[in-house]
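For reference, the chains in residue letters:
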Number of protein chains: 2
Amino acid sequence: MNVSDMIPASEQAAELMRALSHPQRLLVLCALGAEEKSVAQLREELGIEQVPMSQQLMRLRADGLVAARREGTSVFYRIARPEVLDVVEALHGAFCGKAKA
Amino acid sequence: MNVSDMIPASEQAAELMRALSHPQRLLVLCALGAEEKSVAQLREELGIEQVPMSQQLMRLRADGLVAARREGTSVFYRIARPEVLDVVEALHGAFCGKAKA
DNA sequence: CTGAAACATTCATAGTATTGAATTTAGATT
DNA sequence: AATCTAAATTCAATACTATGAATGTTTCAG
């Protein structure tokens, strides 16, 4: 890992960290890791109320980390930048024991 | 990677993301990855002024991510929680090409 | 003790983020 | 059209973060 490589990237990388710096957003990305899910599914799985959930999803969408697809009255979200999962997995390893998968 | 594992850890993990959500802090951790360094060394390597550097180091120390050791008038910092480096490396991979080391 | 070097701290201000409450839009159903 | 459900938006209050300017502390040299 090279520091001088990181210097020009540090601004963008820090932005990503800011996007991940909320428990609910982190959990959403974690839950979307494997497969796309509807807002309702995410709410049930994570126990998050409607308004906050929508707010966090909007933020993640604005930051380009997730993408949405509508199907009837439901909206399905999916990860838009897979490399984000590497970071989430590193966190999982750090906080939930070292299993990498 | 398991979502229910992450639910109780999400608060702590988000805190870590907040700690990393500043370009200078990110670079400091990156630069301390391999070895401990003095404040002066860090300043020179990263091109950061005295006060901001001290402020970021204080913040990282308050968050428990680095530890300090004094030697004469110099203070040397080192990574206090190695698992942080996994996250930094994931970032490096995401933003600087896929090399993991 | 005095001064210089290396770090740390304080303070004020401006910018961002979080949260809850209320409201609104979009699509489906009757 | 009326209405129900799912999701999105707005708004206001509060709290957090970043930044620069000024100042304080610790250690060593003389």
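I will try to describe carefully the structure that is included in this document. Nothing here was measured: the structure is a model prediction, and the numbers come from that model.

What relates the two chain copies is a rotation about an axis together with a slide along it. Between chain B and chain A, the superposition needs a rotation of 180 degrees and an axial shift of 0.0 Å, giving an RMSD of 0.1 Å. Taken together, the rotation angle and the small translation identify this as a two-fold axis.

Turning our attention to the protein's contact with DNA strand D. Surrounding DNA strand D, one finds 20 residues, the nearest of these being Q50(A), M58(A), Y77(A), H22(B) and Q55(B). Backbone atoms, meaning sugar and phosphate, make up 65% of the atoms of DNA strand D lying within 4 Å of the protein. Between DNA strand D and the protein, one listed contact pairs a base oxygen with a side-chain N or O atom of Q55(B) at 3.0 Å. Take R59(B): an N or O atom from its side chain is 3.2 Å from a phosphate oxygen of DNA strand D. When residues of the surface near DNA strand D are traced back to their parent elements, those giving at least two are helix 3 (39-46), helix 4 (50-62) and strand 3 (74-79) of chain A together with helix 4 (50-62) of chain B. For the surface near DNA strand D, the leading source of residues is helix 4 of chain A, giving five residues. Grouping the constituent residues of the surface near DNA strand D by class yields seven nonpolar, nine polar and four charged.

This part is about the pattern of salt bridges. All names here are of chain A. Per the counting criterion, the structure on display carries 10 salt bridges over all chains. Linking E36 and R69 is a salt bridge whose minimum nitrogen-to-oxygen distance equals 2.3 Å. Of this pair, E36 sits in the loop between helix 2 (23-31) and strand 1 (37-38) while R69 is found in strand 2 (residues 66-71), placing the two residues 33 residues apart along the sequence. The exposure class assigned to E36 is partly exposed, which follows from its relative accessible area of 29%.

Rules used throughout
- Residues numbered from 1 in each chain as written.
- Chains lettered and ligands numbered in written order.
- Predicted model: local features only at pLDDT ≥ 70, side-chain atom pairs only at ≥ 80, totals over all residues.
- Heavy atoms only, no water.
- Least-squares fit on C-alpha atoms with pLDDT ≥ 70 in both.
- Near = heavy atom within 4 Å.
- Polar contact = N/O pair within 3.5 Å; in protein donor to acceptor, adjacent residues only side chain to side chain.
- Helix = DSSP H or I, 4+ residues; strand = E, 2+ residues; numbered from the N terminus.
- Nonpolar A, V, L, I, M, F, W, Y, C, P; charged D, E, K, R; others polar.
- Salt bridge = Lys/Arg side-chain N within 4 Å of Asp/Glu carboxyl O.
- Buried < 20%, exposed > 50% of the residue type's maximum accessible area, 1.4 Å probe, protein only.

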